Amino acid sequence: MNDCIIVGGGIAGLQAAIQLGRYSAYDILVIDKGEGRSTLCRNYPNILGFPEGISGPELRSRGRKQAEAVGVHFVEDTIEQAQHQEDSFVLTGKSGREYQGRTILLATGLTDRYPDIPGLVPTLGRSVYVCPDCDGYEVQNRQTVVLGAGNAGANMAILLSERTEDITYINHEKSQVDESLRSQLKEKGIVYAEKAVKEVLCKQDGIIQGVLLEDGEKIEAERGFIAFGGNKVHSELAVQLGAELEHNHHVKADPRSKMTNVPNVWVAGDLGVHSELTTVAMGDGVTAAVWIHKALKSMNENK
Ligand SMILES: Cc1cc2nc3c(=O)[nH]c(=O)nc-3n(C[C@H](O)[C@H](O)[C@H](O)COP(=O)(O)OP(=O)(O)OC[C@H]3O[C@@H](n4cnc5c(N)ncnc54)[C@H](O)[C@@H]3O)c2cc1C
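Residues numbered from 1 in each chain as written. Predicted model: local features only at pLDDT ≥ 70, side-chain atom pairs only at ≥ 80, totals over all residues. Heavy atoms only, no water.

J.: Would you explain the site of the ligand in this entry?
T.: Neighbouring the ligand are 38 residues; Asp32, Arg37, Ser38, Tyr44 and Thr278 lie closest to it. Between alanine 12 and the ligand, the recorded distance is 2.9 Å, taken from a backbone N or O atom to an oxygen atom. The contact in question runs from an oxygen atom of the ligand to an N or O atom on the side chain of serine 38, over 2.6 Å. In isolation the ligand has 1000 Å² of accessible area, and contact with the protein removes 98% of it. Tallied by class, the residues present in the shell around the ligand amount to 14 nonpolar, 14 polar and ten charged. Here the shell around the ligand gathers at least three residues from each of two domains, domain 1 (2–112 + 231–301) and domain 2 (121–227). (Near = heavy atom within 4 Å. Polar contact = N/O pair within 3.5 Å; in protein donor to acceptor, adjacent residues only side chain to side chain. Areas by Shrake-Rupley, 256 points an atom, 1.4 Å probe, with all protein chains shown as cover. Nonpolar A, V, L, I, M, F, W, Y, C, P; charged D, E, K, R; others polar. Domains from an automatic or database assignment.)

J.: Can you help me understand the environment of proline 45 in this one?
T.: For proline 45, the location among the structural elements is in the loop between helix H2 (37–40) and helix H3 (56–69). With a relative accessible area of 24%, proline 45 lands in the partly exposed category. (Helix = DSSP H or I, 4+ residues; strand = E, 2+ residues; numbered from the N terminus. Buried < 20%, exposed > 50% of the residue type's maximum accessible area, 1.4 Å probe, protein only.)

J.: What should I look at first to understand the domain arrangement of the protein chain in this one?
T.: How big an interface is tends to be reported as the loss of accessible area on association of its parts. Once the domains are mapped, the protein chain shows domain 1 (2–112 + 231–301) and domain 2 (121–227). Across the contact, ten residues belong to domain 1 and ten residues belong to domain 2. Between domain 1 and domain 2 the total buried area reaches about 760 Å² when both faces are included, carbon and sulfur atoms providing 61% of it. Joining domain 1 to domain 2, the criterion identifies zero salt bridges. Run the count over domain 1 and domain 2 and you get one residue pair in polar contact (both at pLDDT 80 or more). Each residue belonging to the side of domain 1 that touches domain 2 can be placed in one class, and the counts come to four nonpolar, two polar and four charged. (Contact = heavy atoms within 4.5 Å. Buried area = accessible area lost by both parts, 1.4 Å probe. Salt bridge = Lys/Arg side-chain N within 4 Å of Asp/Glu carboxyl O.)

J.: Any chance you could explain the sheet that holds strand S15 (residues 223–227) here in plain terms?
T.: Sheets are built from strands that pair by backbone hydrogen bonding, the pairs being arranged parallel or antiparallel. Strands sit in the order S8-S15-S9-S10-S11 across an open sheet of five strands; the sheet is parallel. Of all strands in the sheet, those bounded by a partner on one side alone are strand S8 (128–129) and strand S11 (191–193). Here strand S9 (residues 144–148) runs beside strand S10 (residues 167–171); their pairing, made up of five bridges, is parallel. Bridge pairing in S10 places valine 145 opposite threonine 168. On the sheet, helix H5 (residues 150–160) packs against S9, S10 and S15 and is oriented at approximately 175° with respect to S10. (Pairing = 2+ DSSP bridges. Axes fitted to C-alpha atoms, helices over the stretch in contact; angles between N-to-C directions.)

J.: How should I be thinking about the sheet that holds strand S12 (residues 197–202) in this particular structure?
T.: One open sheet accounts for three strands, arranged S12-S13-S14; its pairing is antiparallel. Since the sheet does not close on itself, it has two edges, and those belong to S12 and strand S14 (218–220), each with one partner. If you compare each strand with its neighbour and ignore which way they point, the axes differ by 20° on average. As paired elements, strand S13 (residues 208–213) and S14 share three bridges and run antiparallel to each other. The partner of valine 211 across the bridge, within S14, is isoleucine 219.

J.: Help me understand the environment of leucine 40, please; the structure alone is not making it clear to me.
T.: Positionally, leucine 40 belongs in helix H2. When its relative accessible area of 24% is taken as the criterion, leucine 40 is described as partly exposed. Between the alpha carbons of leucine 40 and threonine 123 there is a distance of 9.4 Å; along the sequence they are 83 residues apart. Not counting residues up to four positions away in its chain, the partners in contact with leucine 40 are Tyr114, Val121 and Leu124.

J.: Explain the pairing of strand S5 (residues 88–93) here, please?
T.: It is a general feature of regular strands that their side chains alternate between the two faces of the sheet. Among the six residues in S5, six count as buried, and that is most of the element. Taking every second residue as pointing to the same face, both faces of S5 are buried, with Ser88, Val90 and Thr92 on one and Phe89, Leu91 and Gly93 on the other. Here strand S4 (residues 79–85) pairs with S5 via six bridges, running antiparallel. Bridge pairing in S5 places histidine 84 opposite phenylalanine 89. Where S4 folds back on S5, the antiparallel hairpin that results is connected by two residues, among which glutamate 86 adopts a positive phi of roughly 45°.

Right, here's the structure in full:
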């Protein structure tokens, strides 16, 4: 039996693993399926100590080594089922393996929705972004293209107009844009097109040069954003364990401890209340780990 099982070895899960491992007192297991937002992002430019930025895969690789060095174990599996059994939790993986833990930290994150447009993935986090709080700075006074759908894309383009006057919004899915948003796009001088994108044109280093539309037209761009709406929050395991969700499917937790309403089940990172920043995921992970430690210590004292 593990003292704590961390489901999700992304930023939040790894930071929690490092903190928990450093108590030198517990068996900690991280179970990860090898996907996630941090596997996609080519550069985080807003983290303390990394003025040039650091990629998600590099941060994960360093984090895993750091956690392993303090005795944390890792398994590659996809957890499909979670249940409470007396004073422990049993998780079942896609592999058929069962894992038992006294406490659980859910750090399964979310998945951004975006269509399979050739050339898009290599640009993500490098020159095409998802989060205006993280990367609005990167489009300052730059020729920017927003690839999106309906109102979600329109809202992103309007928000980014605080940063640059040169924006084209391509409504790739040709979905409904409300009249009030259409007027704002016009007011702010945002070029609007309802056309599918055939390809994102980029250099080898992931720097976007523009997009090729279905009708053969090329739109030049130095930077881009995607905003298709409908992200998928991976809250299934939390629901199986009885955790309460916000209206937007993120998992509710005590703000101080990050414990959910289910005793001994914690949440950290993008799965928790909507923040979606790497540094917040780290903060959540470390906070949850401190409180998991307090809980384990008290369980051991009351044995
Ligand atoms: C393109 C892009 C650019 C970004 N840029 C920035 C930026 O510049 N600055 C910034 O601060 N943030 C940025 N972000 C956001 C940042 O990546 C996330 O906030 C961060 O990754 C959240 O960490 P997390 O641990 O919650 O989730 P993730 O890093 O997504 O990790 C979740 C982990 O859970 C695992 N998992 C999920 N379900 C299961 C399961 N059932 N069983 C086992 N494992 C499971 C996945 O394999 C994954 O490893 C960006 C995101 C994207 C996509």
